[in-house]
Each structure stands twice: as structure tokens, then as C-alpha cells.
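Chain by chain, the residues run as shown.
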Amino acid sequence: MPTITWKTSETESITANVPVGITLMEAAVRNNVPRVWGECGGCLSCATCHVRPVGEWFGRLGFPNDMEDDMLDFTEVEREDDSRLSCQIKVTEEFDGLVLVVPE
Amino acid sequence: MTIWKPNDDGNADLSSYDSFVTGVPHNTFARMRKEAPLEWSEWDGGEGFWNVSRHKDILALNRNYGLLSSARGIRMEDQTYEEYLARRTFQETDPPEHTRVRLKVARAFSKSTISRFEDQIRQICIKILGRTLSAGEFDATQDIARQLPMRMLGRILGLPEQDLEWLVTKGDALIANTDPDFTDHVLDQMTSDEFRMMPFNSPAGAELYTYARQLMREREQRGDTDGILHMMLQPDESGSVISDREFRNFFCLLVAAGNDTTRYSIAAAIHALCHQPHLLCQLRKSGSEIWETATDEFIRWASPTMHFRRTATRDFEMHGKLVRANQKILLWFVSGNRDEEAFNNPFNIDLYRSPNRHLAFGQGGPHICLGIWLARLEVKVLLQELVKRVATIEANGEIAYLRSNFIGGIKSLPVKITAL
């Protein structure tokens, strides 16, 4: 199982082993990562699973499609160029070591 | 002291609006969660339906819009295809069509847009409470809980103050169309099918249609381009616009849905404060951090939207039962929110409950409440201002529940307070 880290503040983070095949939103919810609510269950209705992949990880996770891109305009913390909705990304073996910032 | 105890025998008829007039039949839901998590109900007013009562199952099914469609109706009542087309809003669609409409209105209801209303909400609350609390005795649903969402609806849609009382009365007639206190055209006692093409099969739908049309005409003449209504009418990127009928249905949805659910959340919270004075103490003595969890706990406790219905798109098996294509399935959020497997002591109010993965807003699926941030903010600010002003609050007579198996709420809540 790949190991994934969510940086939740300057000094705090949550690291967990995550099963392949679930989404990064589901992984965050299971591990009680603050501010990743995933209220719509991954149906692109709520924009409450906003994360920013650190550095080169952004390109390695693929890019948002049009609907995700539109929905990213409604995140609580304003989007950046590397913002993603984590419900749209499925975990693969290649994600081992992934670091995500949870914007605050 | 308990806030309230369910008094049903564990076998309430969930198809009957009358099963809910003394409160939610929670003994029935508790039995179903334990013994029959997927149970069939017969209904003498139409086709029977399946009931889903466990938190886990509701979450799993709510997101599976390919299996359980919203595009065949979202309440227990059956609709013909013709009626469905005439009355539908984006609530009665599935992704990706649903997502396209949702994106049009998402900005108006996003957390960052809504948070800008906080000061306005607070001013309205201060006004409502200032006027009401001095009486000492009053109906907390009518005089407090009903007032705030009605006034905020007016602000957000840009409607004239003098129209609000009329609009909310009509909104009530739509959504409480099974309660004779709110409509002369009670759904299960209607003798005519004259209004079947109108929202909620209600003549109030026709009146709101006319109002919405006039409103937009006047706005166009003035060149007014503010607000959600204008946003709805703009073409999307592909150039498509919503039809006149879709617009009017959406207007009815805003008037109905934006009102009563927040009202009944506030009412349930005040009712709880009446019967568990320690909650009032906790809220008063705690710092601001308690509001991060207390608001959602009150909303879980209230669960005003008790269910939404879906329709199976194909046969499937669950808990050893066979659900057939085209059968109706009711997702009972109100039951999921009392599920012992999902919450510690679900029948207790724990103002610090965290995480609190309740389903009161239809969480876990594409149709999660559009007004979620507005509702939370209204409930929070109203209770914050109330707590600042009352020393004690107690029940002052019989309460009355809405006659509905769809929306659950205390429609009359006599209370007595002493001011701080």
C-alpha cells in the first residue's frame, strides 16, 4: 500500500498507508484529515476535498478535466495553479511517497 | 432529562403522513436498522417502496446515481413522465446533466460567497430576537425559526420585503402539501388532478410561477443583473440556456427548500435547549470553538429532510433481497443520523461531536444540499445571538409536528424565557 502524507499546517501532517483503487478524498476522510470533507461523495457537487500536490507530484497525478476545473472555482480557500479536487484522483501504486497540502 | 422519546410501536407505516404527527417513529427505524435494513413498504396511495435505514447503506447508495436515479422523482409519490417533465428541477436529474446546472448556481451558494452574508444574518437575528424575546412567552417556530430563513431568502434573491410573508406561505403550501395547516389542497385528500403539472402538485406552484415570471420581466425592464436569478438565466459555455419552465421550477425550489429545513433545524435546536438546560450552559460558557461542532450536531439532531427517494435503474440484490428495476427506494437520512453503528450515543446531543458524518444535507451524493453553507451559518448565528440573550428557556405547552413523511419538524413550539 502506498504511503501518503497530508500536510495540514506548517508543522502538522498526517501520514497513512492507503489502499490502491480508492480516491484521495476517500483516503483523507478515512484518516480524518481536517478540511477534506468530501461532502458529495466524489460527485463533483461540493468542492470540499481541495488539495495541492507538492512540487512535481502535480503533473504526475494527471490534470483536472473541465468539470473539475469549473468546480475548483468554488473551493473555500481560493484555488492555485496546482489545486485539485482529491475525489477525482484514484490511488495507484505509483503514489507511494505522495505529499499533499491541505490549504487553510 | 430526555428531550423527547419516540412513541411508535416499532412498526409504523412509513407511507402514512400521520405516522409522523407525534414525531419521527424512531422505534421503527431502530428495528429496521437492526433486523431489516432493506425493508419493503406497501402504500395504498400508489406503488410501494423499499426503505434503506442504515448510515453505511445510505452513503453507499446515495453516490451510486447510475444504479439509483433521481430522474424519476425524488419523493414517495408516483409521477407520470409528463408530470415529471413539467415539474422537474435539477434535483430530478442525474450527472452529468445535474452537474452542468449545479455549476451555474454553485458560485452563489459557495462557502466564500455565503460567508459574506454573516453580518447581515447577525443584524437580522438581532432584530428578530429584540422584537420577540421581550414578550417572554411566544411560539419559537413561528416567531424566531421561521423569520430568519424567510428574510435571508429575500436578501439573496433580491425580493421586496413586503412580498416575503406571501412567498413563504406559498413555499410552505408546496413543501408541506400533506399538512392541512399549510395548504387547502392536502395531497392525499385531493379530489382533482388539476395541479398535477405544477411543482408539488400544488396550486401554490402556479402562483409562484406567475410571480417568478413577473419578477424577471420587471428586472429585465430595469436592466437589473444582480443575483442568483440572473445567474441562472445566463447561457453556459456551450450557449445553452434554461427554459422558462425550468427557471420557474428552480424559483419554486428556492422558495420552498431554502426555507422550511433551516426553520426546522432552528426549532429542533431550541426544543432541545428547553429540555436539556445544560446545553444552554455549555454554549454560553464555552469559547467560540464549540460552534464548529455544535451547529452540525443540532442539524444532525433535527434532520429535517427525512428522506429522498431514488428509482432503481436495474435489478440488484442487497441484504438478501431483490430490488427490481423501476422500483422506488427511500434513503432515510433521519434514520442514518441515529445509527448506533455510525454515532456514539446517537440519541444524545453532544455539542463537541467530531467527526460528525451526519447525512442531514444528503451528504455522500451529487444532490448534497446546495444551501448547506447558508443553512449552517443561519443556524449558528441565530443560536449564538439567542444564547447571549436568554438566561433560561423552557417549554410552555404542547408542541405540534408537521404532517409529513418527507419533511420533519416542529411547526408549533410554545416557549417561555427569562432574558439575561
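Calculation notes
- Residues numbered from 1 in each chain as written.
- Chains lettered and ligands numbered in written order.
- Predicted model: local features only at pLDDT ≥ 70, side-chain atom pairs only at ≥ 80, totals over all residues.
- Helix = DSSP H or I, 4+ residues; strand = E, 2+ residues; numbered from the N terminus.
- Rg over C-alpha atoms; globule rule 2.2 N^0.38 Å.
- Buried ≥ 20, exposed ≤ 12 C-beta atoms within 10 Å, placed from the backbone.
- Contact = placed C-beta atoms within 7 Å.
- Core = buried A, V, L, I, M, F, W, Y, C linked by C-beta atoms within 7 Å.
- Pairing = 2+ DSSP bridges.
- Nonpolar A, V, L, I, M, F, W, Y, C, P; charged D, E, K, R; others polar.
- Axes fitted to C-alpha atoms, helices over the stretch in contact; angles between N-to-C directions.
- Left-handed = near helix turned anticlockwise from the far one by under 90°.
- Parallel < 35°, antiparallel > 145°, perpendicular 65-115°, else oblique.
- pLDDT = per-residue confidence, 0-100.

(A) Focus on the overall build of chain B. What chain B contains, in helices and strands, is 16 helices and 12 strands. Expected size for 420 residues packed as a compact globule is a radius of gyration near 22 Å; at 21 Å, chain B falls within 12% of this value. Evaluated residue by residue, chain B yields a buried proportion of 46% over its 420 residues. Put simply, 70% of the contacts in chain B that link residues at least 6 apart link residues at least 24 apart.

(B) Main features of the overall build of chain A. Scanning chain A from terminus to terminus reveals three helices and five strands. Helices and strands in chain A line up, N terminus first, as β-β-α-β-α-α-β-β. With the C-alpha coordinates aligned to their principal axes, the bounding extent of chain A is approximately 30 × 30 × 25 Å. Residues counted as buried form 44% of the 104 residues belonging to chain A. For chain A, the proportion of contacts with a sequence separation of at least 24, taken over those separated by at least 6, is 63%.

(C) Representation of the nonpolar core within the structure. Counting residues in each nonpolar core, the largest one holds 128 residues, and the members touching the most others are Ala 28 of chain A together with Ile 266, Ala 267, Ala 269, Ile 270 and Leu 331 of chain B. Ranked by residues supplied to this core, first place goes to helix α12 (residues 244-275) of chain B with 16 residues. The contacts of Leu 331 of chain B, once residues within four sequence positions are left out, are Val 52, Ile 58, Leu 61, Asn 62, His 307, Phe 308 and Arg 310 of chain B.

(D) Up close: the sheet that holds strand β1 (residues 38-41) of chain B. Residue and element names in this part refer to chain B. Taken in spatial order, the five strands of this open sheet run β1-β2-β8-β5-β3, and their pairing is mixed. What marks the edges here is a single partner per strand, and that holds for β1 and β3 (68-69). In this sheet, strand β5 (residues 307-312) lies alongside β3 in antiparallel orientation, the contact comprising two bridges. Paired with Ser 69 across the two strands is Thr 311, which belongs to β5.

(E) How the structure looks around the interface of chain A and chain B. The interface is formed by 15 residues belonging to chain A together with 17 residues belonging to chain B. Broken down by class, the residue content of the side of chain A that touches chain B amounts to seven nonpolar, four polar and four charged.

(F) Structural context of the sheet that holds strand β1 (residues 3-7) of chain A. Here five strands make up an open sheet; going across it, the order is β2-β1-β5-β3-β4 (chain A) and the pairing mixed. Each of the sheet's edge strands pairs with one partner strand only, and the pair in question is β2 (13-17) and β4 (84-85) of chain A.

(G) Focus on the packing of helix α8 (residues 147-157) of chain B against α12 of chain B. Residue and element names in this part refer to chain B. The N-to-C vectors of α8 and α12 enclose an angle of 145 degrees; their axes lie 8 Å apart at closest approach. Like other packed secondary-structure pairs, α8 and α12 cross with a definite hand, here right-handed. In this structure, α8 contributes Leu 148, Pro 149, Met 150, Leu 153 and Leu 157 to the contact, and α12 contributes Leu 254, Val 255, Gly 258, Asn 259, Thr 262, Arg 263 and Ile 266. Class assignment of the residues belonging to the contact of α8 with α12 gives a composition of eight nonpolar, three polar and one charged.

(H) Inspection of the packing of helix α6 (residues 118-133) of chain B against helix α16 (residues 372-389) of chain B at higher detail. Residues and elements named next belong to chain B. Where α6 contacts α16, the two axes come as close as 9 Å, and the packing angle between them is 45 degrees. On the basis of the axis angle, α6 is oblique to α16. α6 and α16 meet at a crossing whose hand is right-handed. Between α6 and α16, the residues in contact are Glu 118, Ile 121, Arg 122, Cys 125, Ile 126, Leu 129 and Leu 133 and Leu 377, Glu 378, Val 381, Leu 382, Glu 385, Leu 386 and Arg 389, respectively. Class assignment for the residues of the contact of α6 with α16 results in nine nonpolar, no polar and five charged.

(I) Region of the structure containing unusual backbone geometry. A cis amide bond links Pro 95 of chain B to the next residue, Pro 96 of chain B, at an omega of 5 degrees. The residue Pro 96 of chain B is located in the loop between α3 (81-87) and α4 (97-109) in this model. The residue after Ser 354 of chain B, namely Pro 355 of chain B, is reached through a cis peptide bond having omega -5 degrees. By the element assignment, Pro 355 of chain B lies in the loop between α15 (333-336) and α16. For Arg 35 of chain A, which is not a glycine, the phi torsion comes out positive at approximately 70 degrees. Examined against the element boundaries, Arg 35 of chain A turns out to sit in the loop between α1 (24-30) and β3 (50-53).

(J) How the structure looks around the environment of Gly 158 of chain B. All names here are of chain B. Mapped onto the elements, Gly 158 comes out in the loop between α8 and α9 (164-175). Gly 158 sits 69 residues away from Gly 227 along the chain, and the two C-alpha atoms are 6.9 Å apart. Beyond its immediate sequence surroundings of up to four residues, Gly 158 is in contact with Asp 226 and Gly 227.

(K) Main features of the environment of Asp 236 of chain B. Residues and elements named next belong to chain B. Secondary-structure assignment places Asp 236 in the loop between α11 (227-233) and α12. For Asp 236, a count of 13 C-beta atoms within 10 Å gives the class partly exposed. Taking the C-alpha atoms as reference points, Asp 236 and Asp 260, 24 residues apart in sequence, are found 30 Å from one another. What Asp 236 contacts, discounting residues up to four positions off in sequence, is Arg 100 and Lys 104.

(L) Expanded view of the pairing of strand β8 (residues 328-332) of chain B. All names here are of chain B. With five of five residues buried, β8 lies mostly within the body of the structure. Residues Lys 328, Leu 330 and Trp 332 line one face of β8 and the alternating positions Ile 329 and Leu 331 line the opposite face, and both faces are buried. In terms of strand pairing, β5 meets β8 through five bridges, oriented antiparallel. Among the inter-strand pairings, Phe 308 is bridged to a residue of β8, identified as Leu 331.

(M) Structural view of the confidence of the model for chain B. Averaged over every residue, the pLDDT of chain B is 91; the share at 70 or more is 98%. Both scores are given for the predicted complex: the pTM is 0.93, the ipTM 0.87.

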